[in-house]
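# Remarks on the overall topology
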Amino acid sequence: MEPSKAGATASSAKRSWGLPLLAGFFGLAMVLEATTLPLLERYTGLGSGFMVAFVGTALLLIAAALSWQVQNGIRFQPESGEGVDETVPVSKAGLALAGLGIALPIISIPLAGFPLGAGLAYACVTRAYGSMRLLRDVVIGIALASATWLAFTKLGVQLGPFLPLVGAK
Amino acid sequence: MAVFDALMQGFLVALQPINLMWALIGCALGTAIGVLPGIGPALTITLLLPVTVTLSPTAAFIIFAGVFYGAMYGGSTTSILINTPGESGSMITALEGNKMAKRGRGAAALATAAIGSFVAGTIGTFLLAVAAPAISEIAFVFGPAEYFALAVLAFTSVSVVLGASILRGLLSLFFGLGLALVGVDYQTGQPRLAYEIPQLLDGVGITIVLVAMFAVGEILYVASRRSTAPQQVIDISGPVAMSREDWSRSWKPWLRGAAIGFPIGVMPAGGSEIPTMLSYAVEKRFARNPEEFGHGAIEGVAGPEAANNAAVAGVMVPLLTLGLPTSATAAVMLAAFQNYGLNPGPTLFINNPELVWGVIASLFIGNFMLLVLNLPMAKIWVKLLAIPTPHLYGGILVFSLVGVWGMSRSWVDMALLAVLGSIGYLFRCFSVPIAPALIGLILGPMAELQLRRAMAISQGDPTVLVSSPVAAALLLAALALLAMPLLRVFRR
């Protein structure tokens, strides 16, 4: 099946409802929020809920149109890009490790400080990209994050204490 | 004459040693990120935002302009030598330039791309200097209805032109508009979409969204679909230069490319794809040997490269004069203006002439710097590709974390980074363009403000939105942009 201009193909293969569901979820959340806000105001015309209701309704309509496309066998192709092979199956391990690298700093940076937290995140990402030398990557990550912390702190960017776990400022 | 005087004043600012240094840093950084995969000018400027707050606005925008132009030069190097167009504007360069490189003419391809970019960039910047003050005068007659209509035109044009399908472009746009609504309503003080999380009352920071959608989304996406094929860099022998014949075949395509690229760049729906494709088609038509096209024709590199760089200068016109971003990078630059409390438009030319003209003059200087940086040093820039991919993406994450953590040191911001990054990943999985979301996020508050002002002035009468010819024409253009592709679908 030849891909169309829309980066989508019509196919009878497994249908993907992810995109309409995503649009529908956001649309519904906004419409529900809009019900708690005034749509119109007497003196200023439009109320604070007008735009929320408008955007939410638009998202719901888009979700409906996308559902219609999926129902008719349209499949949305992944984006092409540098260093990407969209024909290979998704690497769940790679995705999970990179996801860990992005989620870890939510806890690690506030608790352990920027150099250690960002250094560990660095090592997770290098592992997700196929590097097998974890210990070396942790050391490189912490060294890079420490140098970054030092340089940016000097430039006036507040990145918090260096290593709050041991009280190092 | 007034423009000439203002430009001379701009050169006095741009030629100060410190500003020359910022221009050189911006150009070098831009070339480097143009060569490296995974980082574009929009992300680089985003990551620079927390650092540049310590600099003067003039210095910061001189760096940003260097990054913007430099990325185009760097992108053509990788297109020619490894056949990977970093951005859509370099696709044609990859098509012809890589074929030239494979035939042992890589040096000539790099030279015509760099010199063509210089020629078109200089012409484009000159046209920007002449056109911008005149266009900015138009904005004096703009009221709330006109500004609202202008925002609607920007929304529809980016949603229709950028990306694979209108529907997904609109999804991205409304997602961005939705994010812009999070926080306290400026008019009534009511919280919206904050879900009783105090940190969300100030809204979602533009930096967080930009870093999440560009950097984190890209890190997740490439990790999940990593290509294991080794990169083949074509070696170039001898200096990066052109023969007499190359010159005679290149100069006309450079000029035609500049003539095509600049006006299309100025248009709200211009982008870089249309001018480069159009330039390629024109060059094929004018070529003495059209059969060479597709096998490495120098005109096929010279014209589109020139068109691409002239379009970048064109993009600066609506940005500086009307505050209208027409590309992702322009949207980030608008966010940077907002960070400094500056509003692009006619008042910027009156209140901050040093900044505007200093930046325009620095574009001339930056173009020259980029020619020097790229012609003799192309082989050195390519060496950047030796950085192992795992460490490159690990480094991008560390710098992304600086941008977000350095802003407010809040774990809520870090969580938002992860959530929005996951959405950026999903957008890539379904070919949803990111630029409309950014433009919705950045222009959304302005659109809502002007809509509510217009409605308040008219005491709730919606016809105020089409009461002036300018507003009506802008809304009609927006409607036509939306309707035309839909009509094509129905006709099929």
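None of these values were measured; they are calculated from a predicted model.

## A few points about the overall build of chain B
For chain B, the helix and strand inventory stands at 19 helices and 2 strands. Seen along its three principal axes, the alpha-carbon backbone of chain B occupies a region of about 70 × 60 × 50 Å. The 492 residues of chain B split such that 64% are buried. Sequence separation of 24 or more characterises 79% of the internal contacts of chain B that already satisfy a separation of 6 or more. Summed over its atoms, the accessible surface of chain B is roughly 18000 Å², and 67% of this surface lies on carbon and sulfur atoms. Averaged over its 24 positive side-chain charges, chain B has a centre that lies 10 Å from the centre of its 22 negative ones.

## Points about a nonpolar patch on the surface
Residues and elements named next belong to chain B. A cluster of nonpolar side chains, namely Ile-138, Phe-140, Val-141 and Ile-350, defines an oily patch on the protein surface of about 410 Å² accessible area. Structurally, the position occupied by Phe-140 is in the loop between α5 (91-138) and α6 (144-161). Residue class for Phe-140 comes out partly exposed when judged on its relative accessible area of 46%.

## A word on the interface of chain A and chain B
Counting from both sides, the interface comprises 79 residues of chain A and, opposite them, 71 residues of chain B. On the chain A side of the contact with chain B, Glu-82, Ile-102 and Tyr-129 of chain A bury the most area, a combined 14% of that side's loss. At the surface where chain A touches chain B, the tally comes to 0 salt bridges. Where chain A touches chain B, the interface holds 15 residue pairs in polar contact (both at pLDDT 80 or more). Those elements giving two or more residues to the side of chain A that touches chain B turn out to be α1 (18-34), α2 (50-71), α3 (92-112), α4 (114-128) and α5 (134-154) of chain A. Per-element accounting of the side of chain A that touches chain B gives the leading share, 11 residues, to α2 of chain A. Residues that form the side of chain A that touches chain B fall into these classes: 50 nonpolar, 20 polar and 9 charged.

## Remarks on the pattern of salt bridges
Residue and element names in this part refer to chain B. Counting across every chain of the model gives 11 salt bridges over all chains. With a shortest N-O distance of 3.0 Å, Glu-218 and Arg-428 are connected by a salt bridge. Residue Glu-218 is found in helix α8 (residues 206-224), and its partner Arg-428 is found in helix α17 (residues 411-429); the two are separated by 210 residues along the sequence. By the burial criterion, Glu-218 is buried, and Arg-428 matches it. Between Arg-256 and Glu-283 there is a salt bridge, with its nearest N and O atoms 2.8 Å apart. Of this pair, Arg-256 sits in helix α9 (residues 244-266) while Glu-283 is found in helix α10 (residues 273-286), placing the two residues 27 residues apart along the sequence.

## Concerning the environment of Val-464 of chain B
All names here are of chain B. Counting through the fold element by element, Val-464 comes out in the loop between α18 (435-457) and α19 (469-491). By relative accessible area, Val-464 is classed as buried at 17%. When the C-alpha positions of Val-464 and Glu-146 are compared, they lie 9.9 Å apart, and in sequence the two are 318 residues distant. Discounting residues that sit within four places of it in the chain, Val-464 has contacts with Ala-145, Ala-454, Met-455 and Ser-458.

## Some details on the nonpolar core
Formed by 216 residues in total, the largest nonpolar core has its most connected members in Phe-114 of chain A together with Leu-420 of chain B. Counting residues per element, this core draws most heavily on helix α4 (residues 57-82) of chain B, which supplies 16 residues. Residue-level mapping places this core at the junction of two domains, with at least three residues from each of domain 1 (8-76) and domain 2 (92-166) of chain A. Not counting the four nearest positions on each side in its chain, Leu-420 of chain B is found in contact with Phe-175, Leu-179, Val-204, Ile-208, Val-209, Ala-212 and Met-213 of chain B. Formed by 5 residues, the second largest nonpolar core is a distinct cluster that contains Ile-92, Ala-287, Phe-293 and Ala-297 of chain B.

## What about empty space enclosed by the protein?
Residue and element names in this part refer to chain B. Evaluation of the coordinates by the stated rule reveals 2 cavities of 30 Å³ or more. The computed volume of the largest cavity comes to approximately 70 Å³. Lining the largest cavity are Tyr-73, Ser-76, Thr-77, Ile-80, Leu-110, Ala-111, Ala-113, Ala-114, Val-240, Asn-374, Leu-375 and Ala-378. Among the elements of the structure, α4 and α5 are those that each provide at least two residues to the lining of the largest cavity.

## Details of unusual backbone geometry
If you check the backbone angles, Ser-431 of chain B has positive phi at about 55 degrees while not being a glycine. When you line up the elements, Ser-431 of chain B lands in the loop between α17 and α18.

## Some remarks on the domain arrangement of chain A
Each assigned domain of chain A is listed with its residue range as follows: domain 1 (8-76) and domain 2 (92-166). Put simply, the middle of domain 1 of chain A and the middle of domain 2 of chain A, counted by C-alpha atoms, are 37 Å apart.

What counts, and at which threshold
- Residues numbered from 1 in each chain as written.
- Chains lettered and ligands numbered in written order.
- Predicted model: local features only at pLDDT ≥ 70, side-chain atom pairs only at ≥ 80, totals over all residues.
- Heavy atoms only, no water.
- Helix = DSSP H or I, 4+ residues; strand = E, 2+ residues; numbered from the N terminus.
- Buried < 20%, exposed > 50% of the residue type's maximum accessible area, 1.4 Å probe, protein only.
- Contact = heavy atoms within 4.5 Å.
- Areas by Shrake-Rupley, 256 points an atom, 1.4 Å probe, with all protein chains shown as cover.
- Lys, Arg positive; Asp, Glu negative; His and termini not counted.
- Charge placed at Lys NZ, Arg CZ, Asp CG, Glu CD.
- Patch = residues over 30% accessible without salt bridge, like charges linked within 9 Å, V, L, I, M, F, W, Y side chains within 5 Å.
- Salt bridge = Lys/Arg side-chain N within 4 Å of Asp/Glu carboxyl O.
- Buried area = accessible area lost by both parts, 1.4 Å probe.
- Polar contact = N/O pair within 3.5 Å; in protein donor to acceptor, adjacent residues only side chain to side chain.
- Nonpolar A, V, L, I, M, F, W, Y, C, P; charged D, E, K, R; others polar.
- Core = buried A, V, L, I, M, F, W, Y, C linked by side-chain atoms within 4.5 Å.
- Domains from an automatic or database assignment.
- 1 Å grid on protein atoms, 1.4 Å probe; cavity = no way out; pocket = protein on both sides within 12 Å on 5 of 7 lines; lining within 4 Å.
- Points joined across faces, edges and corners; volume = space filled by probe spheres on them.

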